[in-house]
Amino acid sequence: MNALLSQFVNLLASALLMLSFAMISQRRILSLIHLFTLQGATLVAATILVGYATNQPHLYFSAGLTFLLKVVAIPLLLHRAIDRLNVRWDIETLINIPTMMIVGIGLVIFAFNLALPIAKLSATVARGTLGIALACVLLSFMMMITRAKAIPQVIGFLSMENALFFAATAATYGMPMVVELGIALDVLVGILILGVFMFQIREQFDSLDIRHLERLKEE
Amino acid sequence: MNALAFASQALEILVALLLGPLLTGWVNQWRARLQNRTAPSLFLPFRTLHKLFIKEAVVAEHASPLFRAAPYIVFGCMVLACGIVPTLSTDLPLAPAADAIALVGLFALARVFISLAAMDIGTSFGTLGARREMLIGFLAEPALLMVLFSASLISKSTSLTTIVETLAHRELAIYPSLAFASVAFTMVSLAENARVPVDNPTTHLELTMIHEAMILEYSGRHLALIEWAASLKLFAYSCIGLALFFPWGVAEAQAPLALILALPVLVLKLAIGGIALAVFETVSAKMRIFRVPEFLAAAFLLAVIGMLVHILLGT
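Cut-offs and rules
- Residues numbered from 1 in each chain as written.
- Chains lettered and ligands numbered in written order.
- Predicted model: local features only at pLDDT ≥ 70, side-chain atom pairs only at ≥ 80, totals over all residues.
- Heavy atoms only, no water.
- Helix = DSSP H or I, 4+ residues; strand = E, 2+ residues; numbered from the N terminus.
- Rg over C-alpha atoms; globule rule 2.2 N^0.38 Å.
- Buried < 20%, exposed > 50% of the residue type's maximum accessible area, 1.4 Å probe, protein only.
- Contact = heavy atoms within 4.5 Å.
- Areas by Shrake-Rupley, 256 points an atom, 1.4 Å probe, with all protein chains shown as cover.
- Lys, Arg positive; Asp, Glu negative; His and termini not counted.
- Charge placed at Lys NZ, Arg CZ, Asp CG, Glu CD.
- Core = buried A, V, L, I, M, F, W, Y, C linked by side-chain atoms within 4.5 Å.
- Phe/Tyr/Trp six-rings, centres within 6.5 Å; stacked < 30°, edge-to-face > 60°.
- Lys NZ or Arg CZ within 6 Å of the ring centre and 35° of its normal.
- Buried area = accessible area lost by both parts, 1.4 Å probe.
- Salt bridge = Lys/Arg side-chain N within 4 Å of Asp/Glu carboxyl O.
- Polar contact = N/O pair within 3.5 Å; in protein donor to acceptor, adjacent residues only side chain to side chain.
- Patch = residues over 30% accessible without salt bridge, like charges linked within 9 Å, V, L, I, M, F, W, Y side chains within 5 Å.
- pLDDT = per-residue confidence, 0-100.
- Expected span 1.5 Å × (residues − 1).
- Axes fitted to C-alpha atoms, helices over the stretch in contact; angles between N-to-C directions.
- Parallel < 35°, antiparallel > 145°, perpendicular 65-115°, else oblique.
- Bend = angle between axes of the 7 residues up to and from the residue.

Digging into the overall build of chain A
Next, step 1: Scanning chain A for helices and strands turns up 7 helices and 0 strands.
Next, step 2: When the helices and strands of chain A are placed in sequence order, the string is α-α-α-α-α-α-α.
Next, step 3: Computed over C-alpha atoms, the radius of gyration of chain A comes to 18 Å, within 12% of the 17 Å expected from 2.2 N^0.38 for 219 residues, which places it in the range of a compact globule.
Next, step 4: Principal-axis analysis of the C-alpha atoms places the extent of chain A at approximately 60 × 35 × 30 Å.
Next, step 5: Expressed as a percentage of the 219 residues in chain A, the buried residues total 51%.
Next, step 6: Taking contacts inside chain A between residues at least 6 apart in sequence as the whole, the part at least 24 apart equals 75%.
Next, step 7: For chain A, the accessible area works out to roughly 10500 Å², and carbon and sulfur atoms hold 68% of it.

See below:
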């Protein structure tokens, strides 16, 4: 029974990785938000499963917190933002996606190799998934670097936070509750500030392309 | 090697020949229903085949013998492929002849001949179709191989029958690598069978067709064989998918009772798969031809990640 649960956690971890790749290959902003919501939901399921498998009730609380924040609140905020900015169907013209995916594979191999010795030290039920969590962090990081528009960058940031949360759950059965609450609040505030920023960028340049920011010099 | 093994092999090929067109008819029927059209008969593919077989075959004036031979070669390849894939039983005398890699080669052989035949006549449509087919083929093949390798990594063998035996008859376990492989396999089989996001099997619009462009010059019994081979290809791909990801219900060696039970299970699985395919084809739009390499690159990468995940988790 426990073996099956652990395999199920592995499956959910793989789903997270798959969603990270789907986010990298996604061009439309609306679909990106849907994928992010799905990633949050997968994270919630994984957290609840780890909590159940290891009998750690505090993981249920953090799962509930994640659900409220990342499946309900933040996607709602993002939907409102893209509605008001009128970028619902925006298609990003960006770097060749197949190239990015090949770079992504390299990152996955790197992360897996990095995590292998660490995972051997750990004795948790989901220790094998640490490599996957690390790969998700790196992939979201790459998404933040390579995207040109503001909203996909914000989503990249959020999905990186998701991956970090999963890494914490997998490696040490979650962070202390105080830390978790703090991070949750930070992310929420971060989103609000970034939302304000998006409107400011939009007002200044009539576009959400952050490359305009590079020319912000007094001449 | 005994009589039962040969019987199951013969039964399997017979079932493939009959169920292939039925599966095509089933998918078409569901597509029509989902698009609010009057559904055609389930047996329409058989009637089409019958009609084409009694019609006269018209061959272009400048056609070489290759053009005449290609339908038979393609049909033969597909029948052999259906014989290798364990659909009903894993005790198949033909199975040692070809493992998973040879199976991919068999599909490639059929593709090469149909493309050569399409270029043989020298019409622009044939050449266009052949080039597109080769573009899709060379991208889909490595992805398919990687999918089969992820399954081989679990069972430590590239023989399809061994893979199915290992997957079906060990205790229940969830393999994350197979989750990746199944997504990749779905994408590859959509591309290889000329289904909607890549090619539309019902279109005859000049600029979008791939498979139909290649067989434009065929008529009569040649066309019938190619259509039948296309149905068999869809059947073979569906059965590979079922064998890798839903292997339960396939009979083991020396079990005549299980063999009888395996047929309704297979029909049920194919029926569900056919409905899923029709739903997917209805909700998705055909993509531009230059998006196809990206689509297939994604499939390849997913399959590779599946293998990496298998190595990482090491179950």
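Now that the structure has been shown, we can carry on.
A look at the overall build of chain B
Next, step 1: Of the regular secondary structure elements, chain B holds 11 helices and 0 strands.
Next, step 2: Each helix (α) and strand (β) of chain B, taken in turn from the N terminus, gives the series α-α-α-α-α-α-α-α-α-α-α.
Next, step 3: Here the C-alpha coordinates of chain B stretch approximately 60 × 45 × 40 Å along the principal axes.
Next, step 4: Looking at the 315 residues of chain B, the share that counts as buried comes to 54%.
Next, step 5: When the accessible area of chain B is evaluated, it comes to approximately 13400 Å², of which 69% is carbon and sulfur surface.
Next, step 6: Between the mean site of the 19 positive side-chain charges and the mean site of the 19 negative ones, chain B shows a separation of 7 Å.

So, the nonpolar core
Next, step 1: Core analysis: the largest hydrophobic core is formed by 138 residues, its most contacted members being A:Leu17, A:Phe112, B:Leu160, B:Leu244 and B:Leu266.
Next, step 2: With 16 residues, the top contributor of residues to this core is helix H9 (residues 220–245) of chain B.
Next, step 3: Ignoring sequence-local partners within four residues, the contact set of A:Leu17 consists of A:Val108, A:Phe112, A:Ile132, A:Ala135, A:Cys136, A:Leu139, B:Phe180, B:Ile305 and B:Val309.
Next, step 4: Of all hydrophobic cores here, the second largest spans 25 residues; its members include A:Leu19, A:Ile29, A:Leu69 and A:Ile74.

Here we look at the packing of aromatic side chains
Next, step 1: In total, this model carries 7 aromatic pairs over all chains according to the counting rule given.
Next, step 2: One cation-aromatic arrangement involves A:Lys70 over A:Phe165; the distance from NZ or CZ to the ring centre is 4.9 Å.
Next, step 3: Just above the ring of B:Trp30 sits the side chain of B:Arg33; from NZ or CZ to the centre is 5.0 Å.

Examining the environment of B:Leu225
Residues and elements named next belong to chain B.
Next, step 1: Position of Leu225 relative to the elements: it lies in helix H9.
Next, step 2: Residue classification places Leu225 among the buried positions, given a relative accessible area of 8%.
Next, step 3: Along the sequence, Leu225 and Lys286 sit 61 residues apart, while their C-alpha atoms lie 27 Å from each other.
Next, step 4: Those residues in contact with Leu225 that sit more than four places away from it in its chain are Phe53, Pro71, Tyr72 and Phe75.

Notes on the environment of B:Gly20
All names here are of chain B.
Next, step 1: Position of Gly20 among the secondary structure elements: in helix H1 (residues 3–34).
Next, step 2: Judged by its relative accessible area of 0%, Gly20 falls in the buried class.
Next, step 3: The spatial distance from the C-alpha of Gly20 to the C-alpha of Ile54 is 20 Å, given a sequence separation of 34 residues.
Next, step 4: Those residues in contact with Gly20, other than ones at most four positions away along the chain, are Val15, Ser231 and Phe235.

A word on the interface of chain A and chain B
Next, step 1: Counting from both sides, the interface comprises 23 residues of chain A and, opposite them, 19 residues of chain B.
Next, step 2: Interface area for chain A against chain B, summed over the two sides, is near 1900 Å², with a carbon-plus-sulfur share of 83%.
Next, step 3: Of all residues in chain A, the largest losses of buried area upon contact with chain B belong to A:Gln7, A:Met18 and A:Ile105, amounting jointly to 26% of the total for that side.
Next, step 4: Across the contact surface, chain A and chain B share 1 salt bridge.
Next, step 5: B:Glu294 is the partner of A:Arg27 in a salt bridge, and the nearest nitrogen-oxygen pair spans 3.0 Å.
Next, step 6: Counting every contact that joins chain A to chain B gives 1 residue pair in polar contact (both at pLDDT 80 or more).

Considerations on a nonpolar patch on the surface
All names here are of chain A.
Next, step 1: Taken together, the side chains of Leu185, Val189, Ile193 and Phe197 present a nonpolar region at the surface, about 400 Å² in accessible area.
Next, step 2: Looking at the secondary structure, you find Ile193 in helix H7 (residues 177–205).
Next, step 3: A residue is classified by how much of its surface remains accessible, and Ile193, at 46% relative accessible area, is partly exposed.

Some remarks on the confidence of the model for chain A
Predicted coordinates in regions of low pLDDT should not be interpreted in detail.
Next, step 1: Across chain A, the average pLDDT comes to 82, with 91% of residues at 70 or higher.
Next, step 2: For chain A, the element scoring lowest by mean pLDDT is H7(A), at 79; helix H2 (residues 29–54) of chain A scores highest, at 90.

Focus: the side chain of B:Ser189
Residue and element names in this part refer to chain B.
Next, step 1: Here Ser189 shows up in helix H7 (residues 176–192).
Next, step 2: Relative accessible area serves as the criterion here: at 13%, Ser189 is assigned to the buried category.
Next, step 3: Here the side chain of Ser189 touches Thr186 through a polar contact of 3.2 Å, landing on its backbone oxygen.

Digging into unusual backbone geometry
Next, step 1: Although it is not a glycine, A:Asn55 adopts a positive phi angle of roughly 60 degrees.
Next, step 2: Of the residues examined, A:Asn55 reaches a relative accessible area of 67% and is grouped as exposed.
Next, step 3: The phi dihedral of B:Lys156 is positive, around 55 degrees, even though this residue is not glycine.
Next, step 4: With respect to the secondary-structure elements, B:Lys156 resides in the loop between helix H5 (124–155) and helix H6 (160–169).

What about helix H6 (residues 150–172) of chain A?
Next, step 1: In this model H6(A) runs 33 Å from its N-terminal to its C-terminal C-alpha over 23 residues, within 8% of the 33 Å that 1.5 Å per residue would give.
Next, step 2: Most of H6(A) is tucked away: 18 of the 23 residues are buried.

Side note on the packing of H7(B) against H9(B)
Residue and element names in this part refer to chain B.
Next, step 1: Viewed as axis vectors pointing N to C, H7 and H9 meet at an angle of 180 degrees, and their least axial separation amounts to 11 Å. Looking at the two axes, H7 sits roughly antiparallel to H9. The segment H7 lies against H9, with Leu178, Ala181, Ser182, Phe185, Ser189 and Glu192 engaging Lys233, Tyr237, Ile240, Gly241, Leu244 and Phe245.

Some remarks on helix H4 (residues 97–121) of chain A
Next, step 1: The terminal C-alpha atoms of H4(A), which comprises 25 residues, lie 36 Å apart, in line with the 36 Å expected from a rise of 1.5 Å per residue.
Next, step 2: At A:Ala115, H4(A) shows its largest kink, close to 35 degrees, and the proline A:Pro117 lies no more than four residues downstream.
Next, step 3: Those residues of H4(A) hidden inside the fold are in contact with helix H1 (2–24) and helix H5 (130–146) of chain A together with helix H11 (292–313) of chain B.

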